[in-house]
Structures are given as structure tokens and as C-alpha cells.
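A closer look at the structure
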Amino acid sequence: MGKTAAREAVQDALLPADLRPDCSACCGLCCVAPAFDAAQGFGYDKPAHISCRNLRPDFRCAIHDRLMEHGFPGCMAFDCYGAGQRITQEIFRGTTWKDSEETAQTMFQLFTRLCVLHELMALLTIAQQRVIEKDVQNKLSAQLQDIDALCRTEAVASGKTEITAIKRKTMGLLRGLESTSVVSTLKSQTRIDS
């Protein structure tokens, strides 16, 4: 799925490479794992875990440069924040969801979880750049490191991690920054709401 050029430029300036999507290092997880809803800008209704009809065998989108004209603005707005390539390259070492049904189910479930965790890491990264107070930066950094370490554990892959609690804690830290412009900037660049 693609992003708008302006949003991509902002994220390139604010986020490290591991929190920016790299579709060339992914196996099209965003085109298979989630369900699509035509009413939400995805061109047609698609059940979860079924490949988008526009996904080519090489895991690239056949209409990527024409998403808007084909009714897929949702794809342009979606961002995995690097979760797709982390799963494909780091966790599954290049294995794809096409290799086996068991692998597919595990990858799809993990993609859902890691998208949330990677978006939280993106929020924390941007917030760190916006605050001056060292103690606040340290708190944000510690939470970012905890989430990143969690992404590398078996607990997140097995579903034994409580993502909601992590999101609540992270958003609590960010809510403490509401007196600054950080939160409004973050909300305009991501889709997570408190």
C-alpha cells in the first residue's frame, strides 16, 4: 500500500529506516492480512487473509501508481511503519505467507500486532524529537526500547502479549505532552487515537 508523497517526505525526515515501510523487503502482508472495506477506501470488500486481487506474484501492487483512480485511497493512507519487512526479513528470514498455511496464519496474526507496536514506536520517536526535557526524553526512549525488544520476543508472536496495555501506557506518556504541539503533530501523522 502506498502513502502520499508529502506524508512520506515527513516520515523520511522524522523516522529511522526500520520504522518506514520498505515494500521491496516485504511479502505483501498489508495486501493479504487485513480485511478491506470498500466504504473505507479499499476499492472492494475483501476478507482478511485473502490476497488482494491487485497483488502480483512478486508481492507488488499491479495498480500502485493508480490507486486513487481505482478507488483505493485507503491503501495510500495505510502505513505499517516497517512491520511488514520486520516480519518478512527479521522474524521469518525471507519466508513468505505462500510457503505454508501455518506460516501464513502466523504471519498474518503477527502483522496485526506488529503494526500497532510499530506505530507506537513511530509516535514515541517523533515525540522524542519534539521534547526538550531530558527526563521526558528518557521516559519516551525507555518505552520505545521496551516495545522494540518486545517485538523480538516469542510472546508477541504467540499472542501472549497484551497489546492494549502497551498502547495504554504509551498513549499515557504521550498524553502528558498535550500541553505542547507534539500530540497534535503525532495525531496528524498516524492513525492511532487514544
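Above this text sits the structure in question.
Let us look at the structure shown here. Throughout this document, residue positions are counted from 1 along each chain, in the order its sequence is written. Where totals are concerned, whole chains, interfaces and linings use all residues; where local detail is concerned, this predicted model gives features only for residues with pLDDT of at least 70, and gives and counts side-chain atom pairs only at 80 or more. The side-chain figures draw on all heavy atoms in the structure; neither hydrogens nor water molecules are used.

1. As for unusual backbone geometry
Apart from glycine, the bulk of residues carry a negative phi angle, and the bulk of peptide bonds sit in the trans form. Applicable threshold: Partly exposed residues are those whose accessible area sits between 20% and 50% of the maximum for their type, while under 20% is buried and over 50% is exposed, using a 1.4 Å probe and protein chains only. Put simply, DSSP marks the helices as runs of H or I at least four residues long and the strands as runs of E at least two long, and each gets a number from the N terminus on.
Despite not being glycine, His 49 shows a phi value in the positive range, around 70°. Among the residues examined, His 49 registers a relative accessible area of 31% and is labelled partly exposed. For Phe 59, which is not glycine, the phi dihedral falls at a positive 70°. Among the structural elements, Phe 59 can be located in the loop between helix 1 (5-14) and helix 2 (73-77).

2. Here's the deal with the nonpolar core
Counted only if it meets this: The set of buried Ala, Val, Leu, Ile, Met, Phe, Trp, Tyr and Cys residues whose side-chain atoms join them within 4.5 Å is what this entry labels a nonpolar core. Note on definitions: a residue-residue contact is assigned when non-hydrogen atoms from the two residues lie within 4.5 Å.
In this structure, Leu 29, Trp 97, Phe 111 and Leu 117 are the most contacted members of the largest nonpolar core, which totals 55 residues. In this structure Trp 97 touches Cys 27, Gly 28, Leu 29, Val 32, Ser 51, Leu 55, Phe 59, Ala 104, Met 107 and Phe 108, once residues within four positions along its chain are discounted.

3. Quick look at the packing of aromatic side chains
Our working definition: Note on ring pairs: Phe, Tyr and Trp rings are taken, using the six-membered ring of Trp, and paired if centres are within 6.5 Å. Classes follow the plane angle, with under 30 degrees stacked, over 60 edge-to-face and the rest tilted. When the NZ atom of lysine or the CZ atom of arginine is within 6 Å of a ring's centre and also within 35 degrees of its normal, the charge is said to sit over that ring.
Taken as a whole, this structure holds six aromatic pairs when the rule is applied. On the basis of an interplanar angle of 40° and a centroid distance of 6.3 Å, the ring pair of Phe 78 and Phe 111 is categorised as tilted. Taken as a pair, Phe 78 in the loop between helix 2 and helix 3 (83-91) and Phe 111 in helix 4 (residues 101-130) lie far apart in primary sequence, 33 residues in all. Within the aromatic cluster, the residues linked to one another by ring pairs are Phe 36, Phe 42, Tyr 44 and Phe 72. Just above the ring of Phe 36 sits the side chain of Lys 46; from NZ or CZ to the centre is 4.8 Å. The cationic tip of Arg 53 hangs over the ring face of Tyr 44; the distance from NZ or CZ to the ring centre is 3.6 Å.

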